[in-house]
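# Fold and geometry: a report
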Amino acid sequence: MREEIMGTVLQLPIIDLSLPEKLSTSQLIRQACLDHGFFYLTNHGVSEELMERVFRESKNLFCLPLDDKMVMVRRDFRGYSPLYDEKSVSSSSTSKGDSKEMFTFGSSEGDLGQLYPNKWPSEDLLPLWRQTMECYYKTVMKLLGIVALALDLEENFFERVGGFNDQAAVVRLLRYSGELNSSGQETCGASAHSDFGMITLLATDGVPGLQVCRDKDKEPNVWEDVPVIKGAFVVNIGDLMERWTNGLFRSTMHRVLSVGKERYSVAVFLDPDPNCVVECLESCCSETSPPRFPPVRTGDYFHERFSQSLTSYSTSG
Ligand SMILES: O=C(O)CCC(=O)C(=O)O
Ligand SMILES: [Fe+2]
């Protein structure tokens, strides 16, 4: 593994969910969102045993022959994305795309489950796959509910506007091939980007590579490593949450650098309902600090962002 290409280490706040003072936990989460938009979540109640099963099944899926994976290829938001399918808007036009493959699924229930049916691997190939992933989805939704509640700047706001819809989240399994290019230049498993939605919850297999850039306007960009804390989730704020809070909560740019070793991670994106219009919260603007972003319908916003980043994206939105 090439450790020397890693940058300086960033100390992110660690939020321990087992602490009894719920009020101060909420305050700590809010502060972390104001400061970096990134924090660790420990003692979160998701068992090690479940995490092991999820990573095992994820590996089983990515190990399948390409033909078996291409049967499930993504046309819209859900399904399999082969290597180099995703490319960040910040990448150069000559870059071939990120050296990662992905598999995305969501809830089978509700309108979104009908509109974007999940593409499950066949039970003959992977008998435990679907039940493991459905169990993970349900478990992390409870956890994300706790985080969303802590961020609720106006009581029950997210529920009222369709911001917290437990059927609109998606789980993305990722496998980074770990390749390094021969010229010794940095190689990205995931090129620089910010997440589109509200909140992202990330678990990794312990292989390093995640980096954040706290100030995207500073040239050249300064990248800092997010070290792995065993058993902890990394949580970060996405762009729609930044828009809702008028930039108070920060959607921080991040990337995954190849360190010459295969890497697996599982990201859960908590997104608003496609029909939810995201506009600056009253409590986050004033005469001296007017709204910085125009209102946007979530479905339209995602359509625009996915069309920019995914080569094989096609949907009526
Ligand atoms: O795999 C990781 O560590 C980060 C993944 C990520 O940033 C994403 O999928 O948006
Ligand atoms: Fe991300």
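Because the structure is a prediction, the values reported are computed rather than measured. Once a new chain begins, its residue numbering starts again from 1 and follows that chain's sequence as written. Just so you know, chain letters begin at A and ligand numbers begin at 1, following the order they were written in. Local features in this predicted model are restricted to residues of pLDDT 70 or higher, and side-chain atom pairs are both shown and tallied only at a pLDDT of 80 or more, whereas totals for entire chains, interfaces and linings draw on every residue. Note that water and hydrogens are dropped before the side-chain values are worked out from all heavy atoms of the structure.

## Topic: the overall build of the protein chain
Helix numbering and strand numbering both begin at the N terminus, where a helix is a DSSP run of H or I of at least 4 residues and a strand a DSSP run of E of at least 2. Along the backbone of the protein chain there are eight helices and 15 strands. Dimensions of the protein chain, computed from the C-alpha atoms along their principal axes, are close to 55 × 45 × 40 Å. Classification of residues uses two cut-offs on accessible area relative to the type maximum, computed with a 1.4 Å probe and protein chains only: under 20% is buried, over 50% is exposed, and between them is partly exposed. Going through the 317 residues of the protein chain one by one, you find that 53% of them count as buried. What makes two residues a contact is simply this: any of their non-hydrogen atoms within 4.5 Å. Residue pairs at least 24 apart in sequence account for 79% of intrachain contacts in the protein chain once pairs closer than 6 positions are excluded. Counting every atom, the protein chain has about 14,900 Å² of accessible surface; 52% of that belongs to carbon and sulfur. Counted as positive: Lys and Arg. Counted as negative: Asp and Glu. His and the chain ends are not counted at all. Where a charge lies is defined by one atom per residue type: Lys uses NZ, Arg uses CZ, Asp uses CG and Glu uses CD. Charge separation in the protein chain, taken as the distance between the mean sites of 32 positive and 45 negative side-chain charges, equals 3 Å. A 1.4 Å probe and the Shrake-Rupley method give the accessible areas. Residues count as covered only by the protein chains that appear here.

## Brief notes about the site of ligand 1
As a matter of local geometry, ligand 1 sits amid Arg 172, Leu 174, Tyr 176, His 193, Asp 195, Leu 202, Leu 210, His 254, Val 256, Arg 263, Ser 265 and Phe 269. Pairing of N or O atoms within 3.5 Å defines a polar contact, subject to two protein rules: one partner must be a possible hydrogen donor and the other a possible acceptor, and residues neighboring in sequence count only if both atoms are side-chain atoms. His 193 has a polar side-chain atom sitting 3.0 Å from an oxygen atom of ligand 1. At 2.9 Å, a side-chain N or O of Arg 263 approaches an oxygen atom of ligand 1. In isolation ligand 1 offers 290 Å² of accessible surface; the protein chains occlude 97% of this area. Here a residue is near a molecule or strand as soon as one of its heavy atoms is found within 4 Å of it.

## Overview of the coordination of the iron ion (ligand 2)
Ideal values for angles at a metal depend on the geometry: 109.5 degrees with four tetrahedral donors, 90 or 180 degrees with six octahedral donors. Here the term donor refers to an N, O or S atom within 2.8 Å of the metal (or 3.2 Å for Na, K and Ca), and because water is left out of the atoms, sites may appear incomplete. Only His 193 (NE2), Asp 195 (OD) and His 254 (NE2) from the protein reach the iron ion (ligand 2) as donors, at distances of 2.1 to 2.2 Å. Judged by its relative accessible area of 6%, His 254 falls in the buried class.

## What to know about the environment of Ser 26
Locating Ser 26 in the fold gives a position in helix H1 (residues 22–35). Separated by 123 residues in the primary sequence, Ser 26 and Leu 149 have C-alpha atoms spaced 8.2 Å apart.

## Observations concerning empty space enclosed by the protein
Of the grid points, spaced at 1 Å and generated over the protein atoms alone, those admitting a 1.4 Å probe that cannot get out make up cavities, while open sets with protein on both sides within 12 Å along at least five of seven lines make up pockets; any residue with an atom within 4 Å of a point is treated as lining. Grid points are joined across faces, edges and corners, and a volume is the space filled by probe spheres set on the points. Evaluation of the coordinates by the stated rule reveals one cavity of 30 Å³ or more. Space inside the largest cavity adds up to approximately 50 Å³. Just so you know the grouping, Ala, Val, Leu, Ile, Met, Phe, Trp, Tyr, Cys and Pro go in nonpolar, Asp, Glu, Lys and Arg go in charged, and all remaining residues, Gly too, go in polar. By residue class, the composition of the lining of the largest cavity is six nonpolar, three polar and two charged.

## A closer look at the packing of aromatic side chains
Aromatic rings from Phe, Tyr and Trp, taking only the six-membered ring of Trp, are treated as a pair when their centres fall within 6.5 Å; an angle between ring planes under 30 degrees marks them as stacked, one over 60 as edge-to-face, and anything in between as tilted. Evaluation of the coordinates by the stated rule reveals eleven aromatic pairs. Between Phe 77 and Tyr 116 the ring centres are 4.8 Å apart and the planes differ by 90 degrees, which places this aromatic pair in the edge-to-face class. Taken together, the positions of Phe 77 in the loop between helix H3 (66–70) and strand E4 (79–81) and Tyr 116 in the loop between helix H4 (110–115) and helix H5 (129–151) put the pair 39 residues apart, joining distant regions of the chain. Here Phe 105 and Trp 129 contribute two aromatic rings whose centre-to-centre distance is 6.0 Å and whose plane-to-plane angle is 70 degrees, an arrangement assigned as edge-to-face. Of this pair, Phe 105 sits in strand E5 (residues 100–106) while Trp 129 sits in helix H5, and the two are 24 residues apart along the sequence. Counting every residue linked through ring pairs, the aromatic cluster contains Phe 77, Tyr 116, Phe 196, Tyr 301, Phe 302 and Phe 306.

## Regarding the side chain of Asn 236
Mapped onto the fold, Asn 236 is located in strand E11 (residues 233–237). Owing to a relative accessible area of 4%, Asn 236 belongs among the buried residues under this scheme. Of the polar contacts made by the side chain of Asn 236, one reaches the side chain of Asp 195; its length is 3.1 Å. When near neighbours in sequence (up to four residues on either side) are disregarded, Asn 236 contacts Gly 37, Phe 38, Asp 195, Met 198, Ile 199, Thr 200 and His 254.

## Here's the deal with the packing of H1 against H5
Geometrically, a packed helix pair is captured by the angle between its two axes and the distance between the axes. Their axes nearest at 8 Å, the elements H1 and H5 cross at an angle of 80 degrees. In terms of orientation, H1 and H5 fall into the roughly perpendicular class. Residues Ser 26, Ile 29, Arg 30 and Cys 33 of H1 pack against Val 147, Ala 150 and Leu 151 of H5. Of the residues in the contact of H1 with H5, the class split is five nonpolar, one polar and one charged. For helices, the axis comes from a line fit to the C-alpha atoms of the stretch in contact; other axes are also lines fit to C-alpha atoms, and the angle between any two N-to-C directions lies between 0 and 180 degrees. Should an angle lie under 35 degrees it is considered roughly parallel, over 145 roughly antiparallel, and from 65 to 115 roughly perpendicular; all remaining angles are considered oblique.

## Let's talk about H1
The span you would expect from a helix comes to 1.5 Å times its residue count less one. Between its first and last C-alpha atoms H1 spans 20 Å; for 14 residues at 1.5 Å apiece the expected length is 20 Å, and the two agree. Within the sequence span of H1, burial applies to Thr 25, Ser 26, Ile 29, Ala 32 and Cys 33. Along the long axis of H1, the arc covered by the buried residues comes to 125 degrees, so they all point the same way. In this structure, the buried side of H1 is in contact with strand E2 (14–16), strand E3 (38–42), H5 and E11. At the exit of H1 stands Gly 37, carrying a positive phi of roughly 75 degrees. This arc is taken over the directions from the axis of the helix to the C-beta atoms.

The analysis is restricted to geometry; functional conclusions fall outside its scope.
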